Amino acid sequence: MPIKWSEKLRTGIQSIDDEHWKIIEISQKIQCRPGIENDVDVRHLIDEFNTAYRSHLINEEFIMRELNYPEFGAHADEHEALLCILNKIPQMSGSSHEECQKLCFLILQWITSHIEGAEMKFADFVWGRSG
Ligand SMILES: [Fe+2]
């Protein structure tokens, strides 16, 4: 089942929410396509996803540094782990659409769990909800 944007993923930090929404929207387009081998459009979407996510990490980490977020190191480590998965994308040329979808789904599961966990912790810090 495709991963969808939902209110429980909202951090309340507008630029971060907008980027999360865009990332999930791109991935939904990939996940909803039928299995077609060598699908140029899917590869284009995966490139778009890769670019959007990397740009998002730069923005998010900038905000965290600006706010002296005390858990920045641990959060950045999670980003680094995802970048290891994203770095596999260029090696996927020639892979089937199904393989691309699997990778995309893995990334999306990771992102959803990251948003629900680490991002919400950051949102709690921003909005003064952390103890
Ligand atoms: Fe993050």
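Since we're looking at a predicted model, the values are computed, not measured.

## Considering the overall build of the protein
So, step 1. Secondary structure assignment for the protein yields 4 helices and 0 strands.
So, step 2. Counting helices and strands in the order they occur from the N terminus, the protein gives α-α-α-α.
So, step 3. The long-range share in the protein, meaning contacts at least 24 apart out of those at least 6 apart in sequence, stands at 68%.

## Observations regarding the environment of Ala118
So, step 1. Position of Ala118 among the secondary structure elements: in helix α4 (residues 97–126).
So, step 2. Exposure remark for Ala118: the 17 C-beta atoms within 10 Å place this residue in the partly exposed category.

## A look at the nonpolar core
So, step 1. Ile23 and Phe49 are the most contacted members of the largest nonpolar core, which totals 13 residues.
So, step 2. Within the residue set of this core, elements represented by two or more residues are α1 (14–32), α2 (40–66) and α4.
So, step 3. Here this core takes 5 residues from α4, the largest share from any one element.
So, step 4. Sequence-distant contacts of Phe49, that is, excluding residues within four places in its chain, are made with Ile23, Ile26 and Ser27.

## Some words on unusual backbone geometry
So, step 1. At Asn68, a residue that is not glycine, the phi angle is positive and equals roughly 50 degrees.
So, step 2. Within the element layout of this structure, Asn68 appears in the loop between α2 and α3 (72–86).

## Structural notes on the confidence of the model for the protein
Close inspection of predicted coordinates is inappropriate in any region flagged by low pLDDT.
So, step 1. Looking at the protein, the pLDDT average stands at 81 and 79% of residues meet or exceed 70.
So, step 2. Model confidence for the protein, summarised as mean pLDDT per element, is weakest for α4 at 82 and strongest for α3 at 90.

The rules we used
- Residues numbered from 1 in each chain as written.
- Predicted model: local features only at pLDDT ≥ 70, side-chain atom pairs only at ≥ 80, totals over all residues.
- Helix = DSSP H or I, 4+ residues; strand = E, 2+ residues; numbered from the N terminus.
- Contact = placed C-beta atoms within 7 Å.
- Buried ≥ 20, exposed ≤ 12 C-beta atoms within 10 Å, placed from the backbone.
- Core = buried A, V, L, I, M, F, W, Y, C linked by C-beta atoms within 7 Å.
- pLDDT = per-residue confidence, 0-100.

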